[in-house]
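The primary structure of each chain is shown beneath.
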Amino acid sequence: MRPLATTTVVALVFTLLALAARAQSYDPPPTYYSTATGTGATLKQQLNNIIDGHVMVSYDNARFALQVTDEDPGDPNRLILVYNRVSLNTSNINPGGPIPGWNGTSWNREHTWPDSRLGSNGAPRSDLFNLRPSDNGVNGDRASTDFGGAFGQTFGEKTDGGTVWFPGDADAGMIARQQFYMDVRYDGADAGTIDLQLVNGNPADSSTTLGNLSRMIEWHYAAPPDSFERRRNQIIYDDYQGNRNPFIDRPEYAWSIFVNQANDSGLTLQGGVAGVNDGTTLNLDLGRVIVGGGVPAAQTVTLNKTGANGTYYQVTAAGLATSSVTGRYNAFTTGATGSKAINVGLATTTATAGLRSGAVTIDNLDVTTGGGSDRGANDDPDVVNVSLSVLSHANPSFSGVSDVNSLAYDFGTVTMGASAPMFSFDIFNLPTTAGFTAGLDLDSFMAAGDASTFVTTLSPFTGSATLPAGGGNDFTATFDTAAVGAFAATYTLAFSDENLSGATSLGTMTLTLSGTVEAPMFVENADFDADGDVDGGDFLTWQRGLGTASATPSDGNANHDQTVDADDLAIWSGQFGQPPGPPLQAVPEPAGRWLALMALVLVMAAARPSFSSSPPRVTING
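Residue positions are given per chain, counted from 1 along the sequence in the order it is written. Totals for whole chains, interfaces and linings use every residue, but because this is a predicted model, local features are given only for residues with pLDDT of at least 70 and side-chain atom pairs only at 80 or more, for both listing and counting. Remark: hydrogens and water are excluded; side-chain values derive from all non-hydrogen atoms of the structure.

S.K.: How should the overall build of the protein be read in this particular structure?
M.R.: The numbering of helices and of strands both runs from the N terminus, where a helix is a DSSP run of H or I of at least 4 residues and a strand a run of E of at least 2. Looking only at helices and strands, the protein has 13 helices and 27 strands in total. For the exposure calls, accessible area comes from a 1.4 Å probe over protein chains only, and a residue counts as buried if that area is under 20% of its type's maximum, exposed if over 50%, partly exposed in between. For the protein, with 622 residues in total, the buried portion stands at 44%. Considering only contacts within the protein whose residues lie at least 6 apart along the sequence, 69% involve residues at least 24 apart. Whether two residues touch is decided by their heavy atoms; if any such pair falls within 4.5 Å, the residues are in contact.

S.K.: What should I look at first to understand helix 3 (residues 62–69) in this one?
M.R.: For the α-helix, the turn length of 3.6 residues means that residues three or four positions removed from each other point alike. In terms of burial, helix 3 is a largely internal element, eight of the eight residues being buried. Looking only at helix 3, the buried set comprises Ala62, Arg63, Phe64, Ala65, Leu66, Gln67, Val68 and Thr69.

S.K.: What exactly am I supposed to notice about the nonpolar core here?
M.R.: Where a protein is soluble and globular, its nonpolar side chains tend to be buried together. One finds Leu47, Phe180, Phe247 and Phe258 to be the most contacted residues of the largest nonpolar core, which totals 61 residues. Of all elements in the fold, only helix 2 (40–51), helix 3, strand 7 (163–166), helix 6 (169–185), helix 7 (213–222), helix 8 (227–240) and helix 10 (253–258) reach the threshold of two or more residues within this core. Sort the elements by how many residues they give to this core and helix 6 lands first, with seven residues. When sequence neighbours within four positions are dropped, the list of residues in contact with Phe258 reads Phe180, Asp183, Val184, Leu198, Leu213, Ile217 and Phe247. Grouped together as the second largest cluster of nonpolar side chains are 25 residues, Ile427, Phe487, Met509 and Leu511 included. As used here, the term nonpolar core means buried Ala, Val, Leu, Ile, Met, Phe, Trp, Tyr and Cys residues forming a set that is joined through side-chain atoms within 4.5 Å.

S.K.: How do you make sense of empty space enclosed by the protein when you look at a structure like this?
M.R.: The probe, sized like a water molecule, is rolled over the atoms to show the empty space still left. A cavity here means a set of 1 Å grid points, computed over protein atoms only, where a 1.4 Å probe fits but cannot escape. A pocket is an open set with protein on both sides within 12 Å along at least 5 of 7 lines, and lining residues have an atom within 4 Å of a point. Grid points are joined across faces, edges and corners, and a volume is the space filled by probe spheres set on the points. The tally for this structure, following the rule as stated, stands at one cavity of 30 Å³ or more. Lining the largest cavity are Phe129, Met174, Gln178, Glu229, Arg232, Asn233, Ile236, Asn245 and Ile248. Those elements that place two or more of their residues in the lining of the largest cavity are helix 6 and helix 8. Residues are grouped as follows: Ala, Val, Leu, Ile, Met, Phe, Trp, Tyr, Cys and Pro are nonpolar; Asp, Glu, Lys and Arg are charged; all remaining types, including Gly, are polar. Partitioning the lining of the largest cavity into residue classes produces four nonpolar, three polar and two charged.

S.K.: I tried to follow the sheet that holds strand 11 (residues 273–274) on my own but got confused; where do I start?
M.R.: The pairing of strands in a sheet happens through backbone hydrogen bonds and is either parallel or antiparallel. For two strands to pair, DSSP has to find at least two bridges joining them. Taken in spatial order, the six strands of this open sheet run 11-12-19-18-14-16, and their pairing is mixed. The open sheet has two edge strands with one neighbour each: strand 11 and strand 16 (327–332). The pairing of strand 14 (residues 311–319) with strand 18 (residues 354–364) spans seven bridges and is antiparallel. Bridging across to strand 18, Val315 finds its partner in Ile362.

S.K.: Please clarify how the environment of Tyr329 should be interpreted in this entry.
M.R.: Residue position: Tyr329 is located in strand 16. Of the residues examined, Tyr329 reaches a relative accessible area of 17% and is grouped as buried. Remark: the alpha-carbon pair of Tyr329 and Tyr221, spanning 108 residues in sequence, is separated by 9.7 Å. The contact partners of Tyr329, leaving out residues within four places of it in the chain, are Pro224, Pro225, Arg230, Ile248, Asp249, Pro251, Tyr312 and Tyr313. Whenever a nitrogen or oxygen atom comes within 3.5 Å of another N or O atom, the pair is scored as a polar contact, on the condition that within protein one atom can donate a hydrogen and the other can accept it, and that pairs from neighbouring residues in sequence are kept only if both atoms are in side chains. A distance of 3.4 Å separates polar atoms of two side chains, one belonging to Tyr329 and the other to Arg230. A polar contact of 3.3 Å, which involves the side chain of Tyr329, links it to the backbone oxygen of Ile248.

S.K.: Even after reading the chapter, I still don't get the pairing of strand 16, so can you show me in this structure?
M.R.: In summary, the side chains of a regular strand alternate between the two faces of the sheet. Counting buried residues along strand 16, five of its six residues qualify, which places the element largely inside the surrounding structure. Note: strand 14 against strand 16, four bridges, orientation antiparallel. Residue Val315 lies in a different strand from strand 16, and its bridge partner there is Gly327.

S.K.: What should I look at first to understand the packing of helix 6 against helix 7 in this one?
M.R.: What describes two packed helices is the angle between their axes and the distance between those same axes. At a minimum axis distance of 8 Å, the contact between helix 6 and helix 7 shows a crossing angle of 125°. In terms of orientation, helix 6 and helix 7 fall into the oblique class. Taken as a pair, helix 6 and helix 7 cross one another with a handedness that is left-handed. Taking contact as the criterion, the partners of Ala172, Gly173, Ala176, Arg177, Gln179 and Phe180 in helix 6 are, on helix 7, Leu213, Met216, Ile217, Trp219 and His220. When its residues are assigned to classes, the contact of helix 6 with helix 7 shows seven nonpolar, three polar and one charged. Simply put, an axis is a line fit to the C-alpha atoms, just over the touching stretch for a helix, and the angle between two N-to-C directions goes from 0 to 180 degrees. Any angle between 65 and 115 degrees counts as roughly perpendicular, while under 35 counts as roughly parallel, over 145 as roughly antiparallel, and the rest as oblique. Each crossing gets its handedness from the near helix: less than a right angle anticlockwise from the far helix is left-handed, clockwise is right-handed.

S.K.: When you look at the sheet that holds strand 17 (residues 338–346) in this model, what are you seeing that I'm missing?
M.R.: Read from one edge of the open sheet, four strands run 10-13-17-15, paired in antiparallel fashion. Of all strands in the sheet, those with a lone pairing partner are strand 10 (266–269) and strand 15 (321–323), marking the two edges. Between one strand and the next, the sheet's axes are offset by a mean angle of 30°, whatever the strand orientation. Bridge count between strand 15 and strand 17: three bridges; the pairing is antiparallel. Bridge pairing in strand 17 links Ser323 to Val344.

Quick look at the structure:
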């Protein structure tokens, strides 16, 4: 082929610069694979119809194109080499020459499907999906050796049922998908091409086949497409060939085309509940926080795979849900069951009260249907429903219908010694946001004033005793009547939200109790012997009790002042000859009272019994 003209070189250089600056979208057009609806050989032919007829880039021009497709994502002046993954600085390679970045010795073009097994036509030989930039020495070491070797080792020549070449973990999945592409793209239908076929084992002497397919299937599931590979796929499609590698865009096609139609993989969520169609659902409650509190951290859920076959699965987050695993480039490896940890949370704020929610859906992408119920394409999606309740602050009140923060109660005036009167009151937690209000804690209370005169059942409530929104707690207060006087006490109650993130102090409410205790209103009563009348017998009682302290009515105390004295005798004289109770006539003035008293004393003295056996006689002198 003749050398490129100078104008062509300049155009390619400008293309390189433009590509380096342009942001890439790596997804295929929405309808690109719309006709790929079958399985097995049918699917393979459908994909061939989609990707064949591509624009052929010459083998010479691949020296320019590979500097774009395999550019180091971290440095546009460098090139990632296949197998050893060296980042080669190309800015100082032939900078003024006809092909900047290329001198024929620093790197060369590696045919991942060996050139010796491609036939003579230029299309497969220069296909960018087959070519990779490589170190010359490494390229020579690989030669035309079949691929093989277990995943999990360094690149190089290995023994795996024969001598094989392992591309290294970083390239193994990509290498496998490049060979899947070559097998599907080149079926011998294009003029001058041969039918390329991947086979199991190591057909080293074959001119049309390449091994080892079973190892490539393992690599395909062990190392899903990364951003480097997807970017490369997009650039080849957008700027060079106009076709794509289906096994990068839709890695789930590989099992159906290259293995069988009975993939046995089944996905379930640990702890999830199977639904009608056997997809599992897990409800993940992140709990409750109060407005302004922190959003809880994501929680880990476990996705399990039954069956030994590998599979790809897609994770889609909807609503406010977040997932540490997203997209369709997630896989379980072949050869064993497995599990994956996925962190599921919410991307939200707590600025307002209400429910925050979302869902994470996990879908087994395998397209085969022969694996049985809930296997492969028969495996229904699994869903994690994640939620968080954001609560408004609690609102304490003495009323259940309005916001009342102070309460005063007066027991009134009660008689000393009377039964203690009782007052009932409630503390409510008024809902501030329907269904989303925090619980209320009474953290403490302090009493000031005559607190010893009042007894309440007030006690803090927190923790498990937190008062829910719309609830109320009953309390009582009683008034002690043991002492005379006017009494008052004030109780200051301190509240806060229940113990959740975002909880704050809610201030205080006050309860004021008051009451007056008065001395009892006693009736003057001189019926000291309680026989129903006031007579001489009552006088004798008074006489015996005269001067007694802490006296009672039975001691001769008529006015309840606890002392037997002349005042009690005056009451007796006022009630003499009458029924007990309030006097029915005016009490004499002190002088007259004493004259009457002396007369009565003389009468009572004369009435004292003699010591003779004859009855006593009372003589009243004129």
